[in-house]
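Chain and residue survey
Chain by chain, the residues run as shown.
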Protein chains: 2
Amino acid sequence: MKTRERILVTSLELFNEFGEPNVTTIHIADEMDISPGNLYYHFRNKNEIIYELYQQFEKRMNEILVPPPEDRQITMEDHWLFVHLLFEHIWEYRFIYRNLPDLLASVDKLATHFNRILDKKERVNKAICEGLIANGTMIATVDEVNSLSQNITMTMTYWLNYENVRNKGKHTEDLGKGVYQVMSLLTPYLEPTHRAFMQDLSKKYL
Amino acid sequence: MKTRERILVTSLELFNEFGEPNVTTIHIADEMDISPGNLYYHFRNKNEIIYELYQQFEKRMNEILVPPPEDRQITMEDHWLFVHLLFEHIWEYRFIYRNLPDLLASVDKLATHFNRILDKKERVNKAICEGLIANGTMIATVDEVNSLSQNITMTMTYWLNYENVRNKGKHTEDLGKGVYQVMSLLTPYLEPTHRAFMQDLSKKYL
DNA sequence: GTCTATACTGTGATAGAC
DNA sequence: GTCTATCACAGTATAGAC
C-alpha cells in the first residue's frame, strides 16, 4: 500500500476510535511510523484528509442509496438488507456522525453534500414504504409515510451514536439491535399477516 | 448578578451558539469584559464551568422527568405537554447534545449521570404508554412498548441536533416540529377514535 | 475581586537536507 | 519520498500587583 493510502486508512481507524478532534496529525504519523513532515507531503492539511475520507464515504453511500426496483415486489427482507448495508457503512465511517455540526462546518461544502445524502436517504425510505403499501404489506396515509420516513432517516443517522452513549463509549460492533430498532418504526403499519418477519427478528434482538 | 453567575450565563450562551469546543475561556472573558485571570479566580478550569452547567441541566431535567400521576387518566394532551417541556429544556442546554461522546468523556462521572437521565426518560415514556394503554387510548404489546419507548427516548435526544444539521446550522427556535415528530411515533398505536389530537397537531406542523 | 503579564503546552504547518 | 528541525499560534492556566 502506498503511503498516501496508508495515511487515509490509519486516519479513518483513529478518527473512528477516538473522534476526529482528538486525533492530531502527529498521532497519525506516529501510528504509521512516519514523520509528520512526510504526512504533510501527501496532504496539504488535516482537513484534506477528512475531506477525502468523506468522499469515500459518500461514493459508497450513493451506491447503497438506490431506489428499490419498480419491476419487482418489495419485501421486508429487502428492507432488512437495505438497513443492514446502510448501518454497516455508517459504522465504517462513524467518526463523521460523532459531531456532525462541527465536522460539516470544518470543510467547505460538506454540509450541503451531507444534506443531499440525507435527502436521498429520506426518498429511498419513502419509496420503500410506498412499495410496501402498493403490494399490501403495509397500510399508511400519505402524512404517515412522510413523518415515518423522516423518523427512519433520523434514527438511521443517530442510532449508532446513541448506542455508543448508552454503552459509555465501549464499542460493540453489533449492528443488529439498531437494524431492529429502525425496522420497529415500520412494524405498526404492517398488515397483520406480514408481521411474522419482525417477530423472528425480535427473538434475535430483544 | 455576581460575576460567578455571569460567567455561567455567558458560557451557556456561547456554548449553545458555537459549540463548547469552539469557545475558549478567553472568548467567555472577552464577551463579559473581564480578564481571563478573573475568570480563573472563580473557576479552577473550563471543565468546572461545564460541570456546573451540566448540574443545572440535570436538576431541572429531574423535575421534568416525573412519572405521570397514577390517580388520573393520562391523555394525549399530557403527553404533548411533557414532550414540549422536555424539548424546551434540551434547547436551553443544547450544547450538551452537540457532541455527547466527547462532552461526557471530558468530565468524570458525567457519562454515568447522563445515562441515568436517559434511563429515567425511557421509564417515563414507558409509563406514559402504559397509562394510555390502561385507559384504552392506545393499543400495543409489551415488546412494542419497549422498542417504542427506546425510539421515543432516542428521538427526544437527537431531534434538535438533527434539525440543526438539516438547517445547516441556522438556529430555528421552533420546537413544534420536533414535538410533532416524537408524538408521531406513537400515532399508529392510538385507538382510531383518539387520533383527532394528532390530526390537529399535523395541521400546525406539516 | 480584578487586573496584567507571562509561562506552558499541544497542534498545525513549513523549510530544507538527504 | 522521507526525515529533522523548527516556527507560529492558540488555548489553558498561574503569579503577583492593585
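These remarks concern the structure in this document. (Residues numbered from 1 in each chain as written. Chains lettered and ligands numbered in written order. Predicted model: local features only at pLDDT ≥ 70, side-chain atom pairs only at ≥ 80, totals over all residues. Heavy atoms only, no water.)

1. Some words on the interface of chain B and chain A
Many analyses report the size of an interface as the accessible area lost when the parts associate. Put simply, the rule is: Should any heavy atoms of two residues lie within 4.5 Å, those residues are counted as being in contact. Buried area: the accessible surface (1.4 Å probe) lost by two parts on joining, summed over both. Each reported salt bridge corresponds to a side-chain nitrogen of Lys or Arg within 4 Å of a carboxyl oxygen of Asp or Glu. Polar contacts, as counted here, are pairs of nitrogen or oxygen atoms within 3.5 Å of one another; within protein the pair requires one atom able to donate a hydrogen and one able to accept it, and residues that are adjacent in sequence qualify only if both atoms are side-chain atoms. Helix and strand definitions follow DSSP, with helices as H or I runs of at least four residues and strands as E runs of at least two, each counted in order from the N terminus. Note on residue classes: Ala, Val, Leu, Ile, Met, Phe, Trp, Tyr, Cys and Pro are nonpolar, Asp, Glu, Lys and Arg are charged, and everything else, Gly too, is polar.
Listed per partner, the contact involves 43 residues of chain B and 43 residues of chain A. Taking both sides of the interface into account, the surface hidden between chain B and chain A amounts to around 3,600 Å²; carbon and sulfur atoms contribute 51%. On inspection of chain B and its partner chain A, the count reaches 6 salt bridges. Across the salt bridge formed by R166 of chain A and E122 of chain B, the nearest N and O atoms sit 3.1 Å from each other. Our enumeration of links across chain B and chain A arrives at 24 residue pairs in polar contact (both at pLDDT 80 or more). By residue number, the principal contributor to the side of chain B that touches chain A is helix α9 (residues 142–166) of chain B, which donates 16 residues. Across the side of chain B that touches chain A, the residue classes break down as 18 nonpolar, 15 polar and 10 charged.

2. Digging into the nonpolar core
What counts here: Joining through side-chain atoms within 4.5 Å is the link that ties buried Ala, Val, Leu, Ile, Met, Phe, Trp, Tyr and Cys residues into a set, and such a set is a nonpolar core. Partly exposed residues are those whose accessible area sits between 20% and 50% of the maximum for their type, while under 20% is buried and over 50% is exposed, using a 1.4 Å probe and protein chains only.
In this structure, I96 and F114 of chain A together with I96 and F114 of chain B are the most contacted members of the largest nonpolar core, which totals 137 residues. Ignoring sequence-local partners within four residues, the contact set of I96 of chain B consists of Y54, F57, L103 and F114 of chain B.

3. Observations regarding the side chain of S147 of chain A
As for its position among the elements, S147 of chain A is in helix α9 (residues 142–166). By relative accessible area, which is 5% here, S147 of chain A ends up buried. What S147 of chain A contacts, discounting residues up to four positions off in sequence, is Y180, Q181 and S184 of chain B.

4. Some points on helix α4 (residues 46–64) of chain B
All names here are of chain B. The condition that has to hold: Working rule for helices: expected span equals 1.5 Å times residues minus one.
For α4, which comprises 19 residues, the first-to-last C-alpha distance of 28 Å matches the rise-based estimate of 27 Å (1.5 Å per residue) to within 8%. Within α4, burial applies to K46, I49, I50, L53, Y54, F57, E58, M61 and I64. Its side-chain oxygen 3.3 Å from the backbone nitrogen of N47, N45 forms the N-cap of α4.

5. Brief notes about the protein's contact with DNA strand D
This is how the line gets drawn: Residues are counted as near a molecule or strand when any one of their heavy atoms sits within 4 Å of it.
In the region of DNA strand D, 16 residues are neighbours, and T3, S35, N38 and H42 of chain A together with Y40 of chain B sit closest. Taking all atoms of DNA strand D within 4 Å of the protein, the share assigned to sugar and phosphate is 73%. In the environment of DNA strand D, a sugar or linking oxygen lies 3.0 Å from a nitrogen or oxygen atom belonging to the side chain of N38 of chain A. A distance of 2.9 Å separates a phosphate oxygen of DNA strand D from a polar side-chain atom of H42 of chain A. Residue assignment for the surface near DNA strand D shows that the elements contributing at least two residues are α3 (36–42) of chain A together with α2 (25–32) and α3 (36–42) of chain B. Examining the composition of the surface near DNA strand D, we find that 4 residues originate from one element, α3 of chain A, more than from any other. Residue composition of the surface near DNA strand D, grouped by class: 4 nonpolar, 9 polar and 3 charged.

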